[in-house]
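Below, each chain spelled out in residue letters.
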Amino acid sequence: MSVTDNDLQMVEANAQTQDCLTDEQVQFFLDNGFLIARQVLTGEELAAVQEAMLELYQKGVDGVENDPDFMYGKGVKTGQQVLRRVEYVQDKSEVMKAMLGHPFILRSVEKLQGPNFIPTWDSMVVKVPDEGVIVPWHRDAGLADYPDEMVPIFNVDFYLDRADLKSCLWVIPASNQWDKARFLERCEREGFDTSDAIPVPIEAGDVIFHNIRLVHGSPSGDGNAMRRTVYYEFRPGEIEAEYGPHTPEYIPLKQQVLLESLRKRAETTYGQREKPFEYAPTGEFALPDEAVPPSTFRYPHESFWR
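Bear in mind the structure is a predicted one, so any value in this text is a computation, not a measurement.

A word on the overall build of the protein
A count of helices and strands for the protein gives eight helices and twelve strands. Dimensions along the principal axes, computed over C-alpha positions, put the protein at roughly 55 × 45 × 40 Å. When the 306 residues of the protein are sorted by exposure, 55% land in the buried category. In the protein, once contacts between residues fewer than 6 apart in sequence are set aside, the share between residues at least 24 apart is 84%. A gap of 3 Å separates the mean positions of the 30 positive and 51 negative side-chain charges of the protein.

A few points about the sheet that holds strand β11 (residues 216-218)
Judged by pairing direction, the sheet is antiparallel, and its four strands sit side by side in the order β6-β11-β8-β9 without closing on themselves. Across the chains shown, the open sheet's two edge strands, defined by having one partner strand only, are β6 (135-138) and β9 (198-200). Each neighbouring strand pair of the sheet contributes to a mean axis angle of 30°, computed without reference to strand direction. Note that β6 and β11 share two bridges and pair antiparallel. Residue pairing across strands places Val135 opposite Ser218, the latter belonging to β11.

Remarks on the layout of surface pockets
Space inside the largest pocket adds up to approximately 550 Å³. The element best represented in the lining of the largest pocket is strand β12 (residues 227-236), accounting for four residues. Along the lines of polarity and charge, the residues of the lining of the largest pocket split into 13 nonpolar, six polar and seven charged. Looking at the second largest pocket, its volume works out to about 400 Å³. In terms of lining residues, the second largest pocket is bounded by 20 residues, among which Ala15, Gln16, His102, Pro103 and Glu274 are the most central. At the level of secondary structure, the elements contributing two or more residues to the lining of the second largest pocket comprise α2 (43-62) and α5 (103-113). When its residues are assigned to classes, the lining of the second largest pocket shows five nonpolar, seven polar and eight charged.

Points about the state of the cysteines
Under the criterion given, the structure shown has zero disulfides. Note on Cys168: no disulfide assigned, nearest cysteine sulfur contributed by Cys187 at a separation of 18 Å. On the accessibility criterion, Cys168 (0% relative accessible area) is buried.

Quick look at the confidence of the model for the protein
For the protein, the mean per-residue pLDDT works out to 93, and 97% of the residues sit at or above 70. Per-residue pLDDT stays below 50 along residues 1-6; that stretch engages in twelve contacts with residues further than four places along the chain or on separate chains.

Quick word on the sheet that holds strand β4 (residues 81-87)
Taking strand neighbours across the sheet as the criterion, the eight strands line up as β1-β2-β10-β7-β12-β5-β4-β3 in an open arrangement whose pairing is mixed. Edge strands, defined here as strands with exactly one partner in the open sheet, are β1 (12-14) and β3 (70-74). Within this sheet the neighbouring strands show an average axis-to-axis angle of 25°, counted without direction. Here strand β5 (residues 117-127) pairs with β12 via nine bridges, running antiparallel. Considered in β12, the bridge of Phe117 is made with Pro236. Taken strand by strand, α5 contacts β1, β2 (34-38), β5, β7 (154-159), β10 (207-211) and β12, and its axis lies near 40° from that of β12.

Looking at the nonpolar core
Inside soluble globular proteins, nonpolar side chains tend to come together where they are buried. The biggest cluster of nonpolar side chains holds 81 residues, and the ones touching the most others in it are Met53, Ile105, Phe158, Phe209, Val230 and Phe234. In this structure, Phe234 is in contact with Leu100, Ile105, Leu106, Val109, Gln113, Phe117, Ile118, Pro119, Thr120, Ile153, Phe154 and Val156, ignoring residues within four places of it in sequence. Among the nonpolar cores identified, the runner-up in size contains six residues, and Tyr146, Met150, Ile212 and Ile239 belong to it.

Topic: the side chain of Asn116
Tracing the backbone through its elements, the reader meets Asn116 in the loop between α5 and β5. Within the local environment of Asn116, its side chain forms a polar contact with the side chain of Glu238, the two groups lying 2.7 Å apart. Of the polar contacts made by the side chain of Asn116, one reaches the backbone nitrogen of Thr282; its length is 2.7 Å. With residues near it in sequence (within four places) discarded, Asn116 still touches Arg235, Pro236, Gly237, Glu238, Pro281, Thr282 and Phe285.

Basis of the calculations
- Residues numbered from 1 in each chain as written.
- Predicted model: local features only at pLDDT ≥ 70, side-chain atom pairs only at ≥ 80, totals over all residues.
- Heavy atoms only, no water.
- Helix = DSSP H or I, 4+ residues; strand = E, 2+ residues; numbered from the N terminus.
- Buried < 20%, exposed > 50% of the residue type's maximum accessible area, 1.4 Å probe, protein only.
- Contact = heavy atoms within 4.5 Å.
- Lys, Arg positive; Asp, Glu negative; His and termini not counted.
- Charge placed at Lys NZ, Arg CZ, Asp CG, Glu CD.
- Pairing = 2+ DSSP bridges.
- Axes fitted to C-alpha atoms, helices over the stretch in contact; angles between N-to-C directions.
- 1 Å grid on protein atoms, 1.4 Å probe; cavity = no way out; pocket = protein on both sides within 12 Å on 5 of 7 lines; lining within 4 Å.
- Points joined across faces, edges and corners; volume = space filled by probe spheres on them.
- Nonpolar A, V, L, I, M, F, W, Y, C, P; charged D, E, K, R; others polar.
- Disulfide = S-S within 2.5 Å.
- pLDDT = per-residue confidence, 0-100.
- Core = buried A, V, L, I, M, F, W, Y, C linked by side-chain atoms within 4.5 Å.
- Polar contact = N/O pair within 3.5 Å; in protein donor to acceptor, adjacent residues only side chain to side chain.

Laid out in structure tokens, this is it:
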């Protein structure tokens, strides 16, 4: 059966009118694997993030040698190498460190994952104007096996530019509940088949929460405008400790990163106007009496694989 906008009764959040996701919004996310949150980044913060990531984008476009954090792909129009992704953006920008401390986002993450969550990946994905690289149907979880009843692991996708039907994300609602066999069968289809998917057009400053098991992707686009999206992934400490993919030593390091981001956000003018998030993990994940500032914001994943 095809999925259309009329088949799914969309539920959305708005960061300007609520402090955290509601129970209804949480249930929509759990059922469908994604949720839109409007106006998360606004005003001064949105402008600062856009400027910081434009500088990073321009650095990548100008060409970066021997830096694995800048990744390139073949443009659909010219066939030339074009920037498609930049890793560890928090390490490269004070603004992105402060964005990690966004109180609406963190209160919503805590509601979905519990108090012991940690931040993991932080990346910017780029669709260059008229050269957008296709993102085939995939799961961020890949073929990893997690228990069906597991608390969801998800990405928070911060959109820095408007994404219309030429460049937006496409999702297959409820595909986060599929087993591996159904996922593999779906990915065998030729081309970018959208018969069972819906587009998610979005405005600059909006956010999409998406489960790492959600099947999603985006076409290359024809005449697409610039689309920059920053992805911050979060994982429950309990899941990370039991299943990885990182070693247990990774968890307290990323707790320190989050605490330092909260401190940096409190120093911004927009951070001083909001009620800050209070990070208070419990049990074996409880914070030490004295916080230890992180030595870096770039803890390479490969240094902590199990």
